[in-house]
Amino acid sequence: VQLQASGGGLVQAGGSLRLSCAASGRTFSSYAMGWLRQAPGKEREFVAGIIRGGGSAYYADSVKGRFTISRDNAKNTVYLQMNSLKPEDTAVYYCAADRKLHTIVVVDMDGMDFWGKGTLVTVSS
């Protein structure tokens, strides 16, 4: 599975962005999907994750109530709708795929099945 994230950009605080991650391959629905982010000088952190069927989603406390993850298995795409953005949301956002959502939630990069190149989100104050 190859992952390609897009949709990043520059936005003012309080604004919104929608990230997309397109996956190649025919086994997209076999993987839990998630978004990670890495701010300058900080470690990569979990943002949001969604199970294979899309029925349940999980969020970092810092984004709960502002971000929404969703997936469209027919389009092999996972989305991250980001509302009420804050300057502290500034980071490179990465799309990740693993057979176990737990791997994404704990950011086990050594165990992660797939992750793509990131897309930069910059939130100005």
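Described below are features of the structure shown in this document. Residue numbering note: each chain is counted from 1, following its sequence as written. Two thresholds apply to this predicted model, a pLDDT of at least 70 for residue-level local features and 80 or more for giving and counting side-chain atom pairs, whereas whole-chain, interface and lining totals are computed over all residues. In computing side-chain properties, one takes all heavy atoms of the structure into account and sets aside hydrogens as well as water.

**Regarding the overall build of the protein**
- Along its length, the protein carries 1 helix and 11 strands.
- Helix numbering and strand numbering both begin at the N terminus, where a helix is a DSSP run of H or I of at least 4 residues and a strand a DSSP run of E of at least 2. Listing the helices and strands of the protein from first to last along the sequence gives β-β-β-β-β-β-β-β-β-α-β-β.
- With C-alpha atoms as the basis for the radius of gyration, the globule rule is written as 2.2 Å multiplied by the number of residues raised to the power 0.38. For the protein, the C-alpha radius of gyration of 13 Å lies close to 14 Å, the compact-globule estimate for 125 residues.
- In terms of principal-axis extent, the alpha carbons of the protein reach across some 40 × 30 × 25 Å.
- Think of it in three bands: with a 1.4 Å probe and only protein chains considered, a residue is buried below 20% of the maximum accessible area for its type, exposed above 50%, and partly exposed in between. In the protein, buried positions account for 42% of the 125 residues.
- Here a residue-residue contact requires only that any non-hydrogen atoms of the pair lie within 4.5 Å. A fraction of 58% describes how many contacts in the protein between residues 6 or more apart in sequence connect residues 24 or more apart.
- For the area figures, the Shrake-Rupley method with a 1.4 Å probe applies, and any residue is considered shielded solely by the protein chains shown. Approximately 6400 Å² of the protein is accessible, and the part contributed by carbon and sulfur atoms is 47%.

**What about the environment of Trp35?**
- As for its position among the elements, Trp35 is in strand S4 (residues 32-38).
- Considered as a pair, Trp35 and Val78 are 43 residues apart in the sequence and their alpha carbons are 9.1 Å apart.
- Whenever two N or O atoms come within 3.5 Å, that pair is a polar contact, provided that in protein one can donate a hydrogen and the other can accept it, and provided that, for residues adjacent in sequence, both atoms are side-chain atoms. Within the structure, Trp35 has its side chain in polar contact with the backbone oxygen of Tyr79 (distance 3.5 Å).

**A few points about the sheet that holds strand S7 (residues 67-72)**
- Here, any two strands with at least 2 DSSP bridges between them count as paired. In space, the 4 strands of this open sheet follow the order S1-S3-S8-S7, with antiparallel pairing throughout. The outermost strands of the open sheet, each flanked by one partner alone, are strand S1 (3-6) and S7. Each strand axis lies, on average, 15° off the axis of its neighbour in the sheet, ignoring direction. Between N-to-C directions, angles cover 0 to 180 degrees, with each direction set by a line fitted to C-alpha atoms, over the stretch in contact for helices.

**Some details on the pattern of salt bridges**
- Each reported salt bridge corresponds to a side-chain nitrogen of Lys or Arg within 4 Å of a carboxyl oxygen of Asp or Glu. Following the criterion strictly, the structure yields 4 salt bridges and no others.
- Close ionic contact of Arg37 with Glu45 constitutes a salt bridge, the shortest N to O distance being 2.6 Å.
- Judged by relative accessible area, Arg37 falls into the buried class, the value being 5%.
- A relative accessible area of 35% places Glu45 in the partly exposed class.
- Arg66 is the salt-bridge partner of Asp89, the closest N and O atoms lying 2.7 Å from each other. Taken together, the residues Asp89 in the loop between strand S8 (77-82) and strand S9 (91-98) and Arg66 in the loop between strand S6 (57-59) and S7 connect sequence positions 23 residues apart.
- Residues joined by salt bridges that share partners form a network here, namely Arg37, Glu45, Arg66 and Asp89.

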